[in-house]
Amino acid sequence: MSAGRVLVVDDEAIACENLVHVLTRAGYEAHGVGDSRAALAELGRAEYDLLLTDLRLGEVSDQDGIGLMERARKLHPGIEAVVMTGYATIPGAVDAMNRGAYSYLAKPLNIDEVRALAAKAVESSRLRREVLDLRQQLKNRNAPPLLVGKSPAMAALLKTIAQVAPTSSTVLLLGETGTGKELAARAIHQASQRAGKRFLAVNCGAFSEELLAGELFGHEKGAYTGAMERKAGLFEAADGGTLFLDEVGEMTPAMQVRLLRVLQERKFMRVGGTADIPVDVRVIAATNKDLAAEAEAGSFRLDLYYRLNVITLRLPALAERREDIPLLARHFLLKYSELLGREVRELSPEVLHILDTYPFPGNIRELENLMERAVVLTDGERVEPAHLPPDLQLDQPQLMTSRHAGLPTLEENERQHILWVLEHTEGNKTRAAEILGIDRASLWRKLKRAGLG
């Protein structure tokens, strides 16, 4: 593990390089820049424990070391700052301490003093962050629940999340598209000791292999065309926190190898880099695929599957927790009423009946979209069937007939709804999948199951 991360800022290039060299040999991950603009850009890309800055930064900079320190604190409240200054400007260094600097170093620098002060400042930064993390955890305990539901299926899931959250074990979330896998990941993070750190999410199926590598691991300057400067990746940015890898089953074999190394060794290399970077990140992965079958078939690495499959949680489809539909519907109704400045507060009995019998192929995401639409279209305080999409609208005779004659099966309801959406999109499966709140692969499987593929 690195002794800490130090950003050196000095407009004298040789002095800056020498300090970076000294600190690197002392076990720190040190990076040097020559002006305040470059320093702020670097602080925007990565988190540092210590800012070691000259008080006077030359004409290129738009502020001095004190101004830079104050900007750095806004970006990273836990960072400590040490100001370097010549003897003639000692009063300026004292002023810096009065305004929040940890200490100052007089030039010419004493290397032993630099090492000793860096160690103390980095330790102070870590203690400061612990305090900030504890405060955040207290706030999170009073935050509203991320997962809504009282059904037996949800009660069992929430119980397991409460057991899993305090550990640092890797978690694999399984479930259909739209079941709330990212919300479950956030709930795990929120209830963990990492709650005060960052929760970052990425959809692995949304990037090419090259772009995903840069997104996860970052890149060095010049690593490839367009890499004009060094960039920290999500693993680096989420250090100490949680990284959620959605659609992990879409990773290419080469990316699977790189992810496996991070999980095994807790370190990675930036694209175009030569140095290992240690990292402490909890990984939560999710997929709507059967990864066990994919691993057996050889399309997903078996060793990576075992690494991800330390703890597996399956999120139930909405059709498996129908008793939660009224609760969820009202939750989304109030959410969008507040967001959109409307006074919609109630669902009519007819609407509740329609929702209760609808198969929801798009799961919770589809229900949320329905409620947002209803809030937009409702003039008064109550949602009526007319505010639902046309294929869900039942007039009263149809509703009464359905109650007395018996309702179609969930499978038939789903089949008819998919057919209706395909008809209105003129057979465009990509657009139909978007409307249904599922991906193309899930739509293809549903069509095949219904004998329509």
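All residue numbers here refer to positions counted from 1 along the written sequence of the relevant chain. Only residues with pLDDT of at least 70 are given local features in this predicted model, and only at 80 or more are side-chain atom pairs given and counted; all residues enter the totals for whole chains, interfaces and linings. Calculation of side-chain values draws on the structure's entire complement of heavy atoms; hydrogens and water are dropped beforehand.

Points about helix H15 (residues 363–377)
The end-to-end C-alpha separation of H15 is 22 Å, in line with the 21 Å expected for 15 residues at 1.5 Å each. For every residue, the accessible area obtained with a 1.4 Å probe (protein chains only) is divided by the maximum for its type, and the residue is called buried under 20%, exposed over 50%, and partly exposed between those limits. Numbering of helices and strands starts at the N terminus; helices are DSSP runs of H or I of at least 4 residues and strands are runs of E of at least 2. By the burial criterion, the buried members of H15 are Asn363, Ile364, Glu366, Leu367, Glu368, Leu370, Met371, Ala374 and Val375. Expected span of a helix, by definition, is 1.5 Å for each gap between consecutive residues, and there is one gap fewer than residues.

A closer look at the pairing of strand E5 (residues 103–107)
The element E5 is extensively covered by neighbouring structure, given that four of its five residues are classed as buried. Across five bridges, the pairing between strand E4 (residues 80–86) and E5 is parallel. Paired with Val83 across the bridge in E5 is Tyr104. Only when DSSP finds a minimum of two bridges between them are two strands counted as paired.

Examining the sheet that holds strand E7 (residues 199–203)
One open sheet accounts for five strands, arranged E7-E8-E11-E6-E12; its pairing is parallel. The sheet terminates laterally at E7 and strand E12 (311–314), the two strands that pair on one side only. Shown here is a sheet whose adjacent strand axes are inclined to one another by a mean of 20 degrees, direction ignored. When strand E8 (residues 242–246) meets strand E11 (residues 282–287), the two strands line up parallel, connected through four bridges. Of the residues in E11, the one forming a bridge with Leu243 is Val283. In what follows, a contact means two residues having at least one pair of non-hydrogen atoms within 4.5 Å. Whenever a helix is involved, its axis is fitted only over the stretch in contact; in every case the axis is a line through C-alpha atoms, and angles between N-to-C directions fall within 0 to 180 degrees. Sheet contacts for helix H6 (residues 152–164): strand E6 (171–174), E11 and E12; angle to E12, the most-contacted strand, approximately 155 degrees. Lying over the sheet, helix H7 (residues 181–190) contacts E6, E7, E8, E11 and E12, oriented at roughly 150 degrees with respect to E6.

Some remarks on the environment of Val248
Along the polypeptide, Val248 turns up in the loop between E8 and helix H10 (253–265). Measuring from C-alpha to C-alpha, the distance between Val248 and Lys289 comes to 9.1 Å, with 41 residues separating the pair along the chain. Setting aside chain neighbours within four positions, we find Val248 in contact with Cys204, Leu259, Ala285, Ala286, Thr287, Leu291, Phe300 and Leu308.

A short note on the nonpolar core
Among the buried residues, those of types Ala, Val, Leu, Ile, Met, Phe, Trp, Tyr and Cys that are joined through side-chain atoms within 4.5 Å form a nonpolar core. One finds Leu216, Phe235, Leu243, Leu245, Met251 and Leu259 to be the most contacted residues of the largest nonpolar core, which totals 33 residues. Broken down by secondary-structure element, the contributors of at least two residues to this core are E7, helix H8 (209–217), helix H9 (234–237), E8, H10, E11, helix H11 (291–297) and helix H12 (302–308). Tallying contributions element by element places H10 first for this core, with five residues. Filtering out sequence-adjacent residues up to four positions away, Phe235 remains in contact with Leu216, Phe217, Leu243, Leu259, Val262, Phe268, Val279, Val281 and Val283. If you look at the next biggest cluster of nonpolar residues, it comprises 24 residues, including Ile354, Phe360, Val375 and Leu388.

Some remarks on unusual backbone geometry
Note the cis peptide between Lys107 and Pro108, where omega equals 0 degrees. With respect to the helices, strands and loops of the structure, Pro108 is situated in the loop between E5 and helix H5 (111–141). In this structure, Asn363 takes a positive phi of about 60 degrees despite not being glycine. Within the element layout of this structure, Asn363 appears in helix H15. Classification of Asn363 as buried rests on a relative accessible area of 0%.

As for the sheet that holds strand E2 (residues 29–33)
Pairing is parallel in the open sheet, where five strands are placed in the order E2-E1-E3-E4-E5. Edge positions in the sheet fall to E2 and E5, since each of these pairs with one other strand and no more. Across the sheet, the axes of successive neighbouring strands diverge by a mean angle of 20 degrees, strand direction being ignored. Alignment of strand E1 (residues 5–9) against E2, held across five bridges, turns out to be parallel. Its bridge partner being in E2, Val6 is matched across the sheet by Ala30. Running over the sheet, helix H1 (residues 13–25) touches E1, E2, strand E3 (50–54) and E4 and is turned about 175 degrees from E2.

What about the confidence of the model for the protein chain?
Scored from 0 to 100, pLDDT records how confident the predictor is in each individual residue. In the predicted model, the protein chain carries a mean pLDDT of 85, and the fraction of residues at 70 or more is 88%. Segment residues 395–407: pLDDT under 50, and ten contacts once partners within four positions in sequence are set aside and those in other chains are kept.

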